[in-house]
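Structural overview
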Amino acid sequence: MALLEQIRRKVYKLGLVPKITKRLPLISFLLGVLSCIWILYLPVDGQYRRTYISENALMPSQAYSYFRESEWNYERGYRDEIHKLKDIESIFERNKVISEWLEAIGLNTAVHQFHYNDANKTAGHNLYGLFHAPRGDGTEAMVLAASWNTPDGEFNEGGVALVVSLARYFSRWSIWSKNIIFVITEDSHYAMRSWVQAYHISLDLTGGAIEAAVILEYPGEHDYFKYVEVIYGGLNGQLPNLDLVNTAVSITEHEGVKVSVQKVKENELNRNDYFSRCKVLLSGIKELAFAGLKKTNGCEAFSGWRIQALTLRAKGYGGGADITTFGRVPEAMFRSINNLLEKFHQSFFFYLMLSPRNFVSIGTYLPSAVLLTVSFGISSASIILNSKHSESQILMVLPKSFGLFTISFFISSLLGVSLMYIPVSPDIIFRVLMSSGIILSSQSLNYFNYENNIQNKTFPMIRIKINLPLTVLHSLLSITLLYTSLVITSLLVVHFSIAFLIGICLLPLTFVRPLRIGSESLKLRSFVNFLCLVISCPWTIILVIGVLDKDFGTPFKVMEGLLTSWRDFEVWTWFIITFGWLPVWLEIFSYCVIS
Amino acid sequence: MDLLYWNISNFVVLVTSLFQLNFIVASCFDKFPAEEKLVLTPLPTNYLLASFMFELDSHSIKKIELDEITNDSNYQAFPKVLGPIFESTNVTELHLKFARGYWDAEKWGKLPNNGEFSGGTGVELWSTIDANSEEEAFAQWEILVNYLSGLFCASMNFIDKTTTTYPQKLFEDTSKYENRYLLRSVLPKEPVCTENLTPFLRLLPTKGKAGISSLLDGHQLFYSPWHSMSIDIKPKLNSSKGELHMSQHIDQLINIPSTFEYFRSPIPKPVSGDALRCDDNKRHDLYYCFPKESINNLSYELKDLFGKEIENRLLIGKGKSEICFDSTEEWKISGVTETIEGISINKEPPFDINLSDKFNVKIETSQSGKVKKIDYPNIFVSRSFTGYREDSGGIRIVFKNPSLERAVRLVYFESLPWYMRIYLHTLELIERLENLIIKEVYFQPSVDRKRPGQIELELIIPPNSIISMNYKFDKSLLLYSEYPPDANHGFELDPSVVKVIGDSSRSEKDYFFRTTSLLLSLPTPDFSMPYNVIIFTSTVMALTYGTIFNLLIKRLINEEETEGNSKNNILKRLKQKFLVKLKSTIQKNKSQQ
């Protein structure tokens, strides 16, 4: 205490408070930069950890796997028949054949019928078979799934054949203490999601609580592949328990096959240096933030019911590993999961992978987002502290500025919700939004408005607002920045990726400053404001993502994903944008224009 | 000719020896009212249902009457361990069931014996007790469950107020007796295993050493996909002396090919190329093989299926000891009797096994799919959880009546743990025909830590309909110490019981069956958290203590005083003196240079 007292006295003596107050904008900016550095520093040696199996009961690869040799013949037999089904367009007809096979094996099968939200598509059919656990009370289940078509549009011949031959193989074991459900869906996007939803709402044939799910992808009819991609994404910032991912990685490597996370290319599999780790890390953040907006890999479909799910994808042709090796991975994984008496709870649920065997846990990466929230908080404080208004003045105008903030919040949320239900194609919506975003931002070039008053006539609304005193504007800006800080704080733990990305995207808004008439740099200032507004506009970011991310291709796809992902997948991203991001942008925009 | 002569002479010897034997037996022992029976029923897709039944009557076991007869507590063949239960408590009936696995009614039809003796997953106990009040009945019940817990090596001692229910409509109507209470409890998590089988067999007059019970073996029984053991003790019908009737049942479902495969190798190891069973109609060569699943030819012996032979006979039983076979003409069955005199073969079931020292049954068919017409139940019921939240959820029960013209009247019974707070107003039927379907509701809400919730519904399910019933519940937080070990496993819910009320005009019996149990996941704390809390609290307390201590014992002075004091500080004065000296010496040195 004495020490603190001394420091306080020193600070007071040196007059640090006003000095620091003056430099608060700089501090805020530095914190933002530090946040980025923090993330980029994580892949440096010593900052990350090596993965380990936390739940002792899992014991991956401790038992010998027998899905080999003669099982390969059966697998080929099934695959040959499935190859013939490729020409049958109707999924219903295909499922009928598979259903007969599963019934012959001794499973109970059922067909789940669902409707696409797309009016052009006919009803979809998912097939599933239930194997009752010979040991155990039948209250828990594991899911082995494959879709007829992979997200890349290939025919998942090997995947479906593996599901059927593993069903046959598993049903001959007597060790299972959890029911096993074999699911074959039309695609790994909406069809699989609708099955999982129906399982928890309306299906009659159920096998208890699903503990874990493994989705298999083995496109093509070749026997050999090169390496395995482990895809572990979830929706709304959820990830499968790290133990499951570790189990998959450890088993695959035990089988002598290389593992790729975050779609690392084959030639980079052996690399484990700063840049490779950094790439995986950033890709992990990006994928998690956009999960559910693009074609999902299947594992996302299971997100949300305490189900740990991941997708195994065989990559490459003609490598050293054969299809039964690929089948032994789910076999050994199921044996591990079968050992569990409790649900997955030991290891991490929030983590970022750096390589198949390296990760950083939430405690290590979270500070970067915390720094961002602090940065916004400081900017907010700096606006009030440096505005030279008295406290009473600020307090007087608070209701007014809150009112203004509420209006913009209301407008943007109304816009957000209504856009989801407007039957207009996302292309048009995006074009309108983007152009309106640019036009609005250009309003901030008030400097030019003085020269020709035309624009002010086109937007008469703005003229009314011009009368607002500076106090209101300052408190409005401060409230807005504080709100941003709160949005990021509340998302921080549940959805780090989105919190971090929104924080970074909104950071330029802290540089927006009021125009002081008569100041020399008026032209420059208004141009900076314009730039900041354009950069932090959600539509600009969507445009950039759409162009850069190959999975999207166009920004229209991003828009489509945003608008439909709530309906199809219960993804909140669109709401986060319209409730957290857009109001802030609108507020700061109006602040710019009015000042 | 020789052979014929040999056979005849054999037969003569056999018959004479039998007479001799009977004579010896009769002269040595009394025969007791014991009877046993094994029924083998082939089911589709190469399954076999083996039902073991053991019936036994007791002499009167009430002490006073016992004294009159034998003058000591001799229960005769009736197990001596069970006697004291009935002596020391006012238990009038006792029903105990152990079961594991899944009976697929859509494939195999009704449960054996109309489901009267088949339990749901885990252990189920119900009993009627004569008592003056419910409390007294419960006190007796507690004695009973603790006694049975030790006897059957099951965790029945964990049965307490929070798991005990009082069914009203499900079993017999106790209202016709004065002061009779029916109590029931279920342990759905209890794994049934060998340690429950051994005490079960010990209750038999033959102790599992002779007669058909000698077939029973833990490995074989617990390998089966579904098995159920039950003990039912009731007062003997039309008897006034308080004599009891005990029936023990073991029903097991056996998958014949998989059992033999399991005996050959418990692990499904890869087989050699010529052992592959391929479908000839599909591509098959050195690499390709589409598996052929259906096996029509079956030929096996009971000895191989159970891994044991029937040895010795039930010599002390008055009743029969026989093996029955229940199937179509496509099945050839022969009983092989082995005595000292030789082997004889009987082709006409039922077989009386009391005629031999060793007995074996051979079963053969070339069309294993042709079995007796399956008697399907009138109704199928399935139950599952809905919702995904940690704080609330729902239950969905689906009733399927496939019959085109018959409506089904049933009683649906469900007991729910107190930490599942159900809302009866959310109970809804999807078909919106509440009044037509629900005839009567008996609902007892749960009391926290005291009583489980209980729902009993009398329903009429219209013909050709699928009706789903939903209700919602809240999950409550348990106290820290109330979580069981392995808390993250979740909490098992009792299987619900369905009684299909038989049509008395068709002289149908009531049919009982149970749904599967469910796993409820409650919000579970991180159990290492309290230690973190302790550490944080301790730190905060230490800091607070330090500050307050400082405030209390230190003198308050203003800033000037502090600075003034610091000038007079001895250390500072010393330091200044030293500095002055140092400076002067340096200056001296410089001037010297």
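What you see is a predicted model; the values in this text were computed from it and never measured.

Quick notes on the rules
- Residues numbered from 1 in each chain as written.
- Chains lettered and ligands numbered in written order.
- Predicted model: local features only at pLDDT ≥ 70, side-chain atom pairs only at ≥ 80, totals over all residues.
- Heavy atoms only, no water.
- Helix = DSSP H or I, 4+ residues; strand = E, 2+ residues; numbered from the N terminus.
- Domains from an automatic or database assignment.
- Contact = heavy atoms within 4.5 Å.
- Buried area = accessible area lost by both parts, 1.4 Å probe.
- Salt bridge = Lys/Arg side-chain N within 4 Å of Asp/Glu carboxyl O.
- Polar contact = N/O pair within 3.5 Å; in protein donor to acceptor, adjacent residues only side chain to side chain.
- Nonpolar A, V, L, I, M, F, W, Y, C, P; charged D, E, K, R; others polar.
- Phe/Tyr/Trp six-rings, centres within 6.5 Å; stacked < 30°, edge-to-face > 60°.
- Buried < 20%, exposed > 50% of the residue type's maximum accessible area, 1.4 Å probe, protein only.
- Lys NZ or Arg CZ within 6 Å of the ring centre and 35° of its normal.

Let us look at unusual backbone geometry. Residues and elements named next belong to chain B. For the peptide bond that leads from Pro349 to Pro350, omega is 0 degrees, which places it in the cis range. Turning to its location among the elements, Pro350 is positioned in the loop between strand 12 (342-346) and strand 13 (351-352). Its identity as a non-glycine residue notwithstanding, Arg449 has a phi of 60 degrees, on the positive side. Along the chain, Arg449 turns up in the loop between strand 19 (438-444) and strand 20 (453-461).

Another point: the domain arrangement of chain A. Accessible area lost upon the coming together of the parts serves often as the stated size of an interface. All names here are of chain A. Once the domains are mapped, chain A shows domain 1 (20-44 + 364-594) and domain 2 (69-356). Between the C-alpha centres of domain 1 and domain 2 there is a distance of 40 Å. The interface is formed by 28 residues belonging to domain 1 together with 29 residues belonging to domain 2. Across the domain 1 to domain 2 interface the summed buried area is about 2600 Å²; carbon plus sulfur atoms make up 65%. On the domain 1 side of the contact with domain 2, Pro43, Tyr365 and Phe569 bury the most area, a combined 26% of that side's loss. The tally of links from domain 1 across to domain 2 stands at four salt bridges. Two residues, Asp549 and Lys286, come together in a salt bridge whose shortest N-O distance is 3.5 Å. Counting every contact that joins domain 1 to domain 2 gives twelve residue pairs in polar contact (both at pLDDT 80 or more).

Structurally, the position occupied by Glu309 of chain B is in the loop between helix 9 (302-306) and strand 9 (310-311). Aside from chain neighbours lying at most four places away, what touches Glu309 of chain B is Ser214, Leu215, Lys303, Glu338, Lys358 and Phe359 of chain B.

With that settled, consider the interface of chain B and chain A. Each side of the interface is counted separately: chain B has 50 residues, and chain A has 47 residues. With both sides pooled, the region where chain B packs onto chain A buries about 4400 Å², and carbon together with sulfur makes up 51% of that total. Broken down residue by residue, the surface that chain B buries against chain A is led by Pro268, Pro270 and Asn488 of chain B, which jointly contribute 14%. Applying the counting criterion to the chain B and chain A interface returns five salt bridges. Of the charged contacts, one joins Glu293 of chain B and Arg168 of chain A as a salt bridge, the two residues approaching to 2.8 Å between their closest N and O atoms. Mapped onto the side of chain B that touches chain A, the elements with two or more residues apiece are helix 7 (218-223), helix 8 (256-264), strand 15 (380-386), strand 16 (392-401), strand 25 (518-520) and helix 12 (559-568) of chain B. A per-element tally of the side of chain B that touches chain A places strand 15 of chain B first, with five residues. When grouped by side-chain class, the residues that make up the side of chain B that touches chain A number 24 nonpolar, ten polar and 16 charged.

If you walk through the whole model with that rule in mind, you get 61 aromatic pairs over all chains. Summarising the aromatic geometry, the rings of Tyr232 of chain A and Tyr351 of chain A are spaced 6.0 Å apart at their centres and angled 35 degrees between planes, so their arrangement reads as tilted. With Tyr232 of chain A in the loop between strand 8 (227-231) and helix 8 (242-254) and Tyr351 of chain A in strand 12 (residues 351-355), this pair connects stretches of sequence that are 119 residues apart. Given a relative accessible area of 6%, Tyr232 of chain A falls into the buried group. Every member of this aromatic cluster is reached through a ring pair, and the members are Tyr64, Tyr66, Phe67, Tyr169, Phe170, Trp173, Trp176, Phe182 and Phe334 of chain A. When the ring centre of Trp173 of chain A is taken as origin, the NZ or CZ atom of Arg335 of chain A, which lies over that ring, is 4.7 Å away. Here the guanidinium or amino end of Arg180 of chain B rests over the ring plane of Tyr177 of chain B, the centre of that ring lying 4.0 Å away.

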